[in-house]
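# Understanding the architecture of this molecule
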Amino acid sequence: MHAVIDVILLVIRIYIWLLIAQAILSWLLASGVVNRYNRGVAVIGDFLYRITEPALRPIRRVIPAFGGIDISPVILILLLYFLRDLLYEALV
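Quick caveat, the model's predicted, so the values are computed rather than measured.

## A few points about the nonpolar core
- Residues I5, L9, I12, Y15, I16, L19, L56, I59, L76, I77, L80 and L87 constitute the largest nonpolar core, which totals 12 residues.
- For this core, the secondary-structure elements that each account for two or more residues are α1 (2–31), α2 (39–62) and α3 (72–91).
- Looking at which element gives the most residues to this core, the answer is α1, with six residues.
- L25, L29, V41 and L48 belong to the second largest nonpolar core, which has five residues in total.

Dropping the structure here:
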């Protein structure tokens, strides 16, 4: 049982890092630091979008953007940390 929970915790940790990478890439694209027409950037951006968007979409439906700032990744990261803490409690 501990091995299953460890794998779930690893997946949560990786998903949090993917959310952070997606947020940073979106900021870099919006500010013009990274060229969105670069093939490598487009592939990475598409991958991150496809991985994170299914989890972010329901949050975006409930919570609107505040003045153009999307806080849905922050809310999802907090929910994942909460889930991670619950799983840690299950190990103890």
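## Remarks on α1
- Between the first and last C-alpha of α1 there are 44 Å, a value that for 30 residues agrees with the 44 Å anticipated at 1.5 Å per step.
- Considered for burial, the residues of α1 that qualify are I5, L9, I12, Y15, I16, L18, L19, Q22, A23, L25 and L29.
- In this structure, the buried side of α1 is in contact with α2 and α3.
- One or two steps after α1, the chain reaches G32, where phi turns positive at roughly 85°.

About the cut-offs
- Residues numbered from 1 in each chain as written.
- Predicted model: local features only at pLDDT ≥ 70, side-chain atom pairs only at ≥ 80, totals over all residues.
- Heavy atoms only, no water.
- Core = buried A, V, L, I, M, F, W, Y, C linked by side-chain atoms within 4.5 Å.
- Buried < 20%, exposed > 50% of the residue type's maximum accessible area, 1.4 Å probe, protein only.
- Helix = DSSP H or I, 4+ residues; strand = E, 2+ residues; numbered from the N terminus.
- Expected span 1.5 Å × (residues − 1).
- Contact = heavy atoms within 4.5 Å.

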